[in-house]
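What follows is the residue order along each chain.
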Amino acid sequence: MTEQIFKDRQKKLQSLLIKTGLHAVGLNPGPDLTYLTGMDFHLMERPVVGIFPISGDPVFILPELEAAKIASLSFPIRPFLFNENPDTWTDVFRAALEKADLAAGKLGIIPRRLRLLEQNYLMGAAPDLKLESAQPILTQMRRIKSEDEIKFMVEAARIAECALTSTIMAIKPGATEKEIAGRLVGRLLQEGSDPELPFFPIVSFGENTANPHATPTNRVLNPGDIILIDWGASHQGYFSDITRVFSMGDLHPEIDQIAKFVEDANAAARAAVKPGIPASAVDRAARQVIEDAGYGEYFFHRTGHGLGREAHEEPYISQFDQTILEPGMTFTIEPGIYLPKRGGVRIEDDIMVTEDAGLSLTNASRDLTQLLIEE
Ligand code: CO
Ligand code: CO
């Protein structure tokens, strides 16, 4: 990705700010700040805030020890560094906000990111400042992926699928969920994933698969168990998020049956994707199949979520999200059926909206794959 991209994104942000009445956007470390700058700051006990005013260069408030990070930037910023004495930080915030012409005015923030920590320093330095959500602007920018971003997501999907193939071959009765999850994480890194995975893999066996967000346990794999694996890789800050199901030998016929319904629901939702329809229509396509099969009450989550720099981002493939799909949007399709105390099935793919349809970036077989029990 060329360095020009960050200047372009900052310019685009300024043009969107003009339409909203916000005077600047203030971001603490997270996916939005990285998207606009390419810089990776960790969220920590010291406040870091990047302020992007409606005109002029970004203003950065950050600790002196992070100064090296900004030395090599390809675009100009106005840095305000603070030392280890917290009593001086409010003054640094005040100077930075004055420089950004923000002693009063409206600062756009991301409500689910900015902490009371940063908020207190901002308000302490400029009591007349008003904070408003800038979420719609950042969402508008980030939900359409560029060709480069799609390439990174394709690679994240490839890495994840390769890692699973080599993990699954080694699964044998007697292994625990934690052991398989640990092996999968190792394989993800060996296949080339960045170390910051989108999430720790879900590996669940048997009755544990009835919980969509199960955490791997010491549950041992037995013949006749269904195995659900939900995992992803990270490449250049972009994620994949996939779910597949397997069986150790023969399954109870009803679990086999629901796996077929879920696969059909996944296929129906993928086939429904095209520009111009609301996200909710994709949810409906999946849900219809499962309702018609008589399992509607056992599919109790949305059909999917936007995917990119975050494992969950806009748009949401939910009956409540009326976002009109556009080429370049990326999201998961992951219908499921979960029978309490017995078992569940989810099949999850990563989809990109093209000019006329949906394209799956994930291609591993969606059939419930039976693993052979070796004696
Ligand atoms: Co997932
Ligand atoms: Co997902």
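Small disclaimer: the values here were computed from a predicted structure and weren't measured.

Quick look at the coordination of the cobalt ion (ligand 2)
Item 1. Looking at the metal site, the cobalt ion (ligand 2) is ligated by D241 (OD), H305 (NE2), E334 (OE) and E348 (OE), spaced 2.0 to 2.3 Å from it.
Item 2. If you list the donors of the cobalt ion (ligand 2) from N- to C-terminus, the spacing comes out as D-x63-H-x28-E-x13-E.
Item 3. Between the cobalt ion (ligand 2) and the cobalt ion (ligand 1), both coordinated by D241, there is a metal-metal distance of 3.0 Å. Separated by 93 residues along the polypeptide, D241 in the loop between β10 (238-239) and β11 (242-248) and E334 in the loop between β14 (330-333) and β15 (336-339) bring together distant segments of the chain. Both residues of the pair, D241 and E334, belong to the buried class.

Description of the coordination of the cobalt ion (ligand 1)
Item 1. Here the cobalt ion (ligand 1) is held by D230 (OD), D230 (OD), D241 (OD) and E348 (OE), and the distances to it run 2.0 to 2.5 Å.
Item 2. In this structure, the cobalt ion (ligand 1) is surrounded by 4 donor atoms whose angles at the metal cover 56 to 147°, and the resulting shape is irregular.
Item 3. Each donor residue of the cobalt ion (ligand 1) belongs to the same chain, with the gaps between them written as D-x10-D-x106-E.

Focus: the environment of A269
Item 1. Locating A269 in the fold gives a position in helix α9 (residues 253-272).
Item 2. Classification of A269 as buried rests on a relative accessible area of 0%.
Item 3. The sequence separation of A269 and R284 amounts to 15 residues, and the corresponding C-alpha distance is 7.9 Å.
Item 4. Those residues within four positions of A269 in sequence are excluded, and the remaining contacts are V282, A285, A286 and I333.

With respect to the packing of aromatic side chains
Item 1. Under the counting rule described, the total for this entry stands at 9 aromatic pairs.
Item 2. Summarising the aromatic geometry, the rings of F82 and W89 are spaced 4.6 Å apart at their centres and angled 40° between planes, so their arrangement reads as tilted.
Item 3. Aromatic side chains F93 and Y121 sit 5.3 Å apart centroid to centroid with 20° between the ring planes, which places their arrangement in the stacked category. With F93 in helix α4 (residues 89-99) and Y121 in helix α5 (residues 116-125), the pair connects residues that are 28 residues apart, well separated along the chain. Both residues of the pair, F93 and Y121, count as buried.
Item 4. The rings of F82, W89, F93 and Y121 are connected pair by pair, giving a single aromatic cluster.
Item 5. In this structure, R9 is placed above the aromatic ring of Y35, and the distance from its NZ or CZ to the ring centre is 4.0 Å.
Item 6. Its end group placed over the ring of F299, R287 keeps NZ or CZ at 4.1 Å from the ring centre.

Cut-offs used in this document
- Residues numbered from 1 in each chain as written.
- Chains lettered and ligands numbered in written order.
- Predicted model: local features only at pLDDT ≥ 70, side-chain atom pairs only at ≥ 80, totals over all residues.
- Heavy atoms only, no water.
- Donors = N, O, S within 2.8 Å, 3.2 Å for Na, K, Ca; no water.
- Helix = DSSP H or I, 4+ residues; strand = E, 2+ residues; numbered from the N terminus.
- Buried < 20%, exposed > 50% of the residue type's maximum accessible area, 1.4 Å probe, protein only.
- Tetrahedral: all angles 85-135°; square planar, octahedral: opposite > 155°, others 65-115°.
- Contact = heavy atoms within 4.5 Å.
- Phe/Tyr/Trp six-rings, centres within 6.5 Å; stacked < 30°, edge-to-face > 60°.
- Lys NZ or Arg CZ within 6 Å of the ring centre and 35° of its normal.

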